[in-house]
Structure formats: C-alpha cells, structure tokens
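Here's the letter readout for the chains.
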Amino acid sequence: MQRWYHRLSLSTMVSTWNLALSIFLTLSVYPIVSAWTSTPFNPPSYPLAVRTPYLSTWLPSGSGAALNDVWPQFWTGAITGWAGFLVVDGDAYSFLGDPDVSGAAFAKATQVSAEFTSTQSIFTLKAGSIEVTATFFSPIEPTDLVKQSIPFSYLSVSAASTDGLSHIVSVYTDISGEWLTSNDALTINWTTTATAAVITHQSQLETQTVYGESADRILQGSVYYSTENLAGTTYQTGQDIVVRAQFINNGVLSDTVDTNYRAVSDDWPVFALAHLLGDVTSTPQSVVFSIGQVRDPVIEYIQQDNTFEGRSYYFWSAYSTIAEVISDFLSDYSAALSRANSLDETLQAASASISSSYTDIVALSMRQTFGATELTISGSPGAWNTSDTLMFLKEISSDGNVNTVDVIMPAWPAFMYLNPALGKYLLLPLLQYQATGQYPNLYACHDMGASYPIANGHNLGNDEPMPIEESGNMLNMALDYTQRTGDTSLVTTYSSLFTQWADYLVANTLFPADQLATTDFDGALPNQTNLAIKGIIGIKAMSVILSTYLHDASSASTYNSTAESYLKTWQTFGISTDGSHLILEYGNETTEVLGYNLAMDALLGLDFMPASVKSLQSTWYENNMALYGFPIDSRTTYTSAQWMIWTGMTTSTSVQNGFIDAIRSWLSSGLTSTPFGDRFEDDTGANSGNEARPVVGGNLALLLL
Ligand SMILES: *[C@@H]1O[C@H](CO)[C@@H](O)[C@H](O)[C@H]1NC(C)=O
Ligand SMILES: *[C@@H]1O[C@H](CO)[C@@H](O)[C@H](O)[C@H]1NC(C)=O
Ligand SMILES: *[C@@H]1O[C@H](CO)[C@@H](O)[C@H](O)[C@H]1NC(C)=O
Ligand SMILES: *[C@@H]1O[C@H](CO)[C@@H](O)[C@H](O)[C@H]1NC(C)=O
Ligand SMILES: *[C@@H]1O[C@H](CO)[C@@H](O)[C@H](O)[C@H]1NC(C)=O
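Everything numeric here is computed off the predicted structure, so don't read it as measured data. (Residues numbered from 1 in each chain as written. Chains lettered and ligands numbered in written order. Predicted model: local features only at pLDDT ≥ 70, side-chain atom pairs only at ≥ 80, totals over all residues. Heavy atoms only, no water.)

### Regarding the UniProt feature "domain: Glutaminase A N-terminal" (unreviewed entry) in the protein
Per the UniProt record, "domain: Glutaminase A N-terminal" (unreviewed entry) is annotated on residues 119-349. Taken end to end, residues 119-349 comprises 18% helix and 45% strand; its first and last C-alpha atoms sit 15 Å apart. (UniProt positions renumbered as here; feature names shortened; annotations may be inferred. Helix = DSSP H or I, 4+ residues; strand = E, 2+ residues; numbered from the N terminus.)

If you want it as structure tokens, here you go:
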C-alpha cells in the first residue's frame, strides 16, 4: 500500500520521463491487484460490518490487500481485530485478518475472488482442497424500522470441497477488544453466555461514559459476538495467541473463559467461536456469526426549556432483551439475505439503465450511507413511543456534527429512493428543535449538535453559520418529501419556520453576504453564484408549498414573482460576460464552479431553471473536465463525487457519463484505501480526508429523475 502510494506521488512530479516510469511501475504492481477476480472492481475499502457510526469496520483494500493480508479497520483506520482460521484435515489456514500466532503453524488461504454489492462484501479463498467463502453482510432494511435499527451485522462462512473428496473442516473466528476502543490501554471486561441455541461473548469498557466519544469511538455500551450453538460449536476467551493456537492445533476450542479482565493490549484478550463442520463435500456448508454494538440511551436530544431526553433504539419497541435480538437476528439470516439480494437487484436494475459504472458507484455507497444513521424512539420499557421516531445521522470525518443539514441534503437521494419516510425522520429533529424557539437565528440552523451522539442544539446560535445554504436546503427537502409522499404534516406543522426561512432568503439570497456554503473547507466568499441559486430555488419551493399544500395563493404568488425576478438578476450576475459559464462569485470573470445547486430544480421538478443555463454549463463541463472530474470551484482542484452526480441531473447525458466514469475511475485507481472518499483532486486523485461520510447517498440522485 505504501509503495503504491509513493509511486503515484512520484508520478505527479511532472516530467514526462517520470510519468513514463511511474506508468511502468504502476503496471508492475498490477499483478498484485489482479491476483484474484474483483467484481465489479477492487474498491478503496470494502465495508465489512457497517451499520452505525460506531459499528463501522472495513477492509482497507485499495492497494490490493486480500482479506487475510491486513487487519480490518474502524473507518478512522484504527484496527478492529477480526481473525478467521480454517482447519482442513488437520492443516490450518488463515482467511481473515493478519494474525501472528507464535508457536502454531498455519498457511494463508489464497484469495480467489472478491465482490461487493449494496449489502454484501463476499470473499472466496482456497484453503487446500477447500474453497471458503466469507460473506460480510450488513443489512439495509429501509422499510422495517425495527430491523433497520438493530445495530448488528453478519459474517457467514461457508466451505466446500473442490477435489471431489470429503474433508474434515472446522471454522474459527474471533474479535479483539479493539472493537470497543481505539485506545488499547483501556480496561475491558467480558462474559460468555451459552444457551442451547446461541453462544454470545459480550464485552465492554470497564469505565463507561454515557454519550462519550473518544477518537470517534463510543465509550458506552457493549459489543456482542455470537453464533448459533450447533453440534460441534465451541468457544473460548483468552490471550490471542493462546486461543488461536488452541484452534490451529486442535480444530476445536476449549469452552473455557478467561476472567482476568484487563487492558485491550494486555495479553490481547480475544473472544472466539468455532464450528466443527465435520465432513465437507462439494455441497457448501455454512455457519453464521453476528457482531453488534449496542448502547442505551443512544442519543441525547434537546427538548423545550433546555431540558434533555435520552432516546433509545427503535428495536426496543419489539424486544425486551439483547439476547432475544441476537437470537432473532441469527435465525433470520436466510430471510434477511433474500431481502438483501432483492434490494441489491432493485438497485442494480435501476442504476444499470444509466450505466454499469453508475451501478458500481451506487453499490459502494449504500452501506456507507445507512451506516452513518441510527433510528430512535422515546419512552421506556413497556411505554415506547413509536409515534416519536427520529433518525440521527453523524457527519463523519469532516467533523462529528449531528444531523448536519448540508450533509443530509447531499445524502438525501438514498433515503428518498428507498423510503422517503426516512427523510422525514431525519428532518424532524431539526424542525422540532427550532419550533421550540430556542434557536435564536432567523435562518435555519446548521446541525443538531457539535458532537454525535449529543443533539443539544445551538441555543446561543453559534453553530457553524451557513444561513443561505441551510435555509435553502430545509425548504427544498421539505417540498421534496411532501411531493414524494403526499404527507403534508411537515409543511403544515412547521409552516411558520418555513415562512421565516423563505423570508430570510428573500432578504439575503440574491446578493449573498460573505458567508460559508457547504464548501466550508474553502472558506467564506461573498456573492457566490451557486449559493445564491440554492436560495432562489428555496423561495420558489416556498411558493409551491404555499400554493399546493397550504392553499395560500396570494402569498404563493408573492414568493413566486420574487423567485422569478431574482432568477433573471442572478443570470446577469452569475453568468460570465461572454455567456460561456457560471462564475464562482459575481464579478470574478476568471472563475468557474460546479453548479450542483441547479439540480435542486430537477429534484423538485420545478422546471424553473432556464434550459439555456443548463446547456451552457453542460458545454463548459464537457470542455473542462480533468481526469477525475470537474472541480467544485476555482479555489482548489478538489472535486466532489456526490456533487458531480447531482450536477449530472442537469447536464447532457455525455457529461453525466463523464462524471460517472471519472468517479468510477478514481474509485478503482488504487490511490486510496479509505472508505469511499467524497472529495479528491480532479487531476492527481489525492484524497482530502473526507471519508466514510453519508453524503455518498447523493450518488443515487440520478435514480430520482
Ligand atoms: C464490566 O464493566 C461494566 C462497566 O463498568 C460493569 O457494569 C460490569 O458489571 C462489569 N462486568 C464484569 C463481568 O465485571
Ligand atoms: C408520542 O410522540 C408523539 C409525537 O412526538 C407525541 O405527540 C405524543 O404525545 C407522544 N406520546 C406520549 C405518550 O408521550
Ligand atoms: C455583491 O455584488 C453586488 C453587485 O455587484 C455588490 O454591490 C455587493 O457589494 C457585493 N457584495 C459583497 C458582500 O461583496
Ligand atoms: C410563477 O411565475 C411565473 C412567471 O411569472 C408564472 O409563469 C407562473 O405561472 C407562476 N407560478 C405560480 C404558481 O404562480
Ligand atoms: C477571483 O477568484 C480567484 C479564484 O478564487 C481568486 O484567486 C481571485 O483573487 C479572485 N479575484 C478577485 C478580483 O476577487
């Protein structure tokens, strides 16, 4: 991975000779990448167990690492130890993780293929005469709120003989305390529960901090590693090398527990489960493990009068113990897999009508998007209130804000496409809070709290200020939700907030003050063309809300004519004097911008934006596209995956395909091993550090057209 990166860095050192050399060196690395079949391609990082901001484990694979070359990682890069071995007729093979077991001999299984779909990452490896398939499956259950809120993921391991003979096979996996924290010095404890049906290892930090985070890990709750208790199932807890050697040498575990609770790295305690499959023929035999991270309460949410409520996972409305959740989750595996396969197929079929590259981008976006969210309810055991469902989303990596409006907005298409009600559950925390009157600004607030999972609002009004950006976003999302569902509850209940924000836009959006847009990494700028149009479309959206849903024709007509007149003025300031393209800021002729906010018009089906503006921009993109896309604006060479897809809603098909192919080409370049980065340089492909963010949900934008 390191060598690969250095070689590509070299290649950016301009001279043709260096470029030629780097191409040569790059090609020489290819055999590593293509030693197995990658379907559809080898991504920067495979999602392994990705369901919540804290259950987020990936395989860093961009450089061509196999499942058993490196340790799985939390999205930040901290190792989440997850080891897997197989014993075949007495010979041991590792198939998962990068364990070093002194004193026990094993070979590495050879990876044959790797594949990702929207819900699964599937690896096939050869271990002697056995082919082992490890399926990492993180369900997406958009219309079943109980199931969607269960913070668990599956690993299924299946084995089949490839030589026509039968072989005695056992399968082993373990996890380390690194699933609880990135600080190996913290003390953890653990217990093992074996019932007739299920064996579970539960582990947790000895010092718990409710709602506490450190290095993006939660300092609260427990990790559960489980499997069905079948004939031949064994378990063990203890030091990594001891437990792994026990399995490698014997093919079974000792059914013993270590009760010497200690730090994560103090003789590395691991929690292991094994299955003796017995004679395995060419008919695959499989076993399933589940991994989950559960805490309660999940979110702290501000109420009237600056009081706070602890909110719990939605699934508690259907369960009273975690043991029942785990038991159902494991026994639901086959049914869950069929639902997931049909979701994969639906997304595949819909996106294939655009292009196969688009299909790949969509598939890699799904678990990452849903894995940044948690569905919650209020109440207490026996008195849960499912009428009070709220969804929380962590911004991830750019910072840890809760329900950031300009992160929900780019991510929005994934929720709208799979179940628009989820959009409502994401907006409600913001709307309810601002309706309490505690947020002092006239414009829409940026987020629900600076640091997930604390949604404590911004009663001092000192949230990151993006006045036009967030007011426009709230209006546009409210109208979109209402149009797609016919549910008028948001626009009727919160009509005074929407009016307040629309009035703010009327007063401020035509000539925006020196302020931030969602491109905050580039700093503030006055008179941003692309920001202004978001606000103008927001005013237009208000007129539609008033005319269609609130039946106030006279106010609707006032907002409508304001929007129409602003649009004309905007064109005179926002388009370069030669009429060739939109400029970043009024009056600065040497600039250009990715006009992704024009897509709000397409999203809402307003047909408000003149075709001439879309057409000139489309031509400009066509003529000015770099290797990995078109820059967000003139200030840097950074581009943005999801904003290019959004922009593709307003361009010619050929430009839309150009954006898609640029993103697909960046994702498969081997330049990075982080979870899907959404901001990278349009020429070198260097990643900015924005990674694992839910904004990739915006990659579904074209499915909404
Ligand atoms: C482990 O630590 C937690 C949190 O401090 C505590 O509640 C629990 O009782 C401990 N469990 C064991 C087995 O010591
Ligand atoms: C349940 O939630 C709804 C929606 O927030 C609220 O109107 C209702 O009062 C709540 N019910 C109880 C019993 O708290
Ligand atoms: C924005 O542009 C207008 C028109 O050119 C100008 O009058 C105004 O001063 C600019 N605003 C800022 C904050 O620079
Ligand atoms: C909005 O204004 C435009 C231009 O004047 C007009 O064509 C359109 O019918 C108006 N729409 C509504 C809903 O009033
Ligand atoms: C125009 O924009 C470019 C790129 O952001 C910037 O470097 C330059 O200073 C701007 N010019 C003026 C006159 O503001």
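### Concerning the sheet that holds strand 12 (residues 167-176)
Pairing is mixed in the open sheet, where six strands are placed in the order 7-6-5-12-20-18. The sheet is open, and its two borders are formed by strand 7 (107-108) and strand 18 (233-239), each paired with just one other strand. Sheet analysis places strand 6 (residues 91-96) next to strand 7, joined by two bridges and oriented parallel. By the bridge assignment, Ser94 is partnered in strand 7 with Lys108. (Pairing = 2+ DSSP bridges.)

### Topic: the UniProt feature "domain: Glutaminase A central" (unreviewed entry) in the protein
Within this numbering scheme, the UniProt entry marks residues 355-703 as carrying the feature "domain: Glutaminase A central" (unreviewed entry). Span residues 355-703 is 48% helix and 8% strand, its end C-alpha atoms 12 Å apart.

### Here's the deal with the packing of helix 7 (residues 356-370) against helix 18 (residues 653-667)
Two quantities define a packed helix pair, namely the angle between the axes and the distance from one axis to the other. At a minimum axis distance of 9 Å, the contact between helix 7 and helix 18 shows a crossing angle of 60°. Relative to helix 18, helix 7 is oriented oblique. Viewed along their axes, helix 7 and helix 18 form a crossing whose handedness is left-handed. Within the contact between the two elements, helix 7 uses Ser357, Tyr358, Asp360, Ile361 and Leu364 and helix 18 uses Ile660, Asp661, Ile663, Arg664 and Leu667. Here the contact of helix 7 with helix 18 is built from residues that sort into six nonpolar, one polar and three charged. (Axes fitted to C-alpha atoms, helices over the stretch in contact; angles between N-to-C directions. Parallel < 35°, antiparallel > 145°, perpendicular 65-115°, else oblique. Left-handed = near helix turned anticlockwise from the far one by under 90°. Contact = heavy atoms within 4.5 Å. Nonpolar A, V, L, I, M, F, W, Y, C, P; charged D, E, K, R; others polar.)

### Side note on the site of ligand 1
Near ligand 1 you find Asn189, Thr191, Leu205, Glu206, Gln208 and Tyr261, and these make up its full shell. One nitrogen or oxygen atom from the side chain of Asn189 is found 2.3 Å from an oxygen atom belonging to ligand 1. A distance of 2.5 Å separates an oxygen atom of ligand 1 from a polar backbone atom of Glu206. Here ligand 1 has 360 Å² of accessible area as a free molecule, and 50% of this is covered by the chains. Broken down by class, the residue content of the shell around ligand 1 amounts to two nonpolar, three polar and one charged. (Near = heavy atom within 4 Å. Polar contact = N/O pair within 3.5 Å; in protein donor to acceptor, adjacent residues only side chain to side chain. Areas by Shrake-Rupley, 256 points an atom, 1.4 Å probe, with all protein chains shown as cover.)

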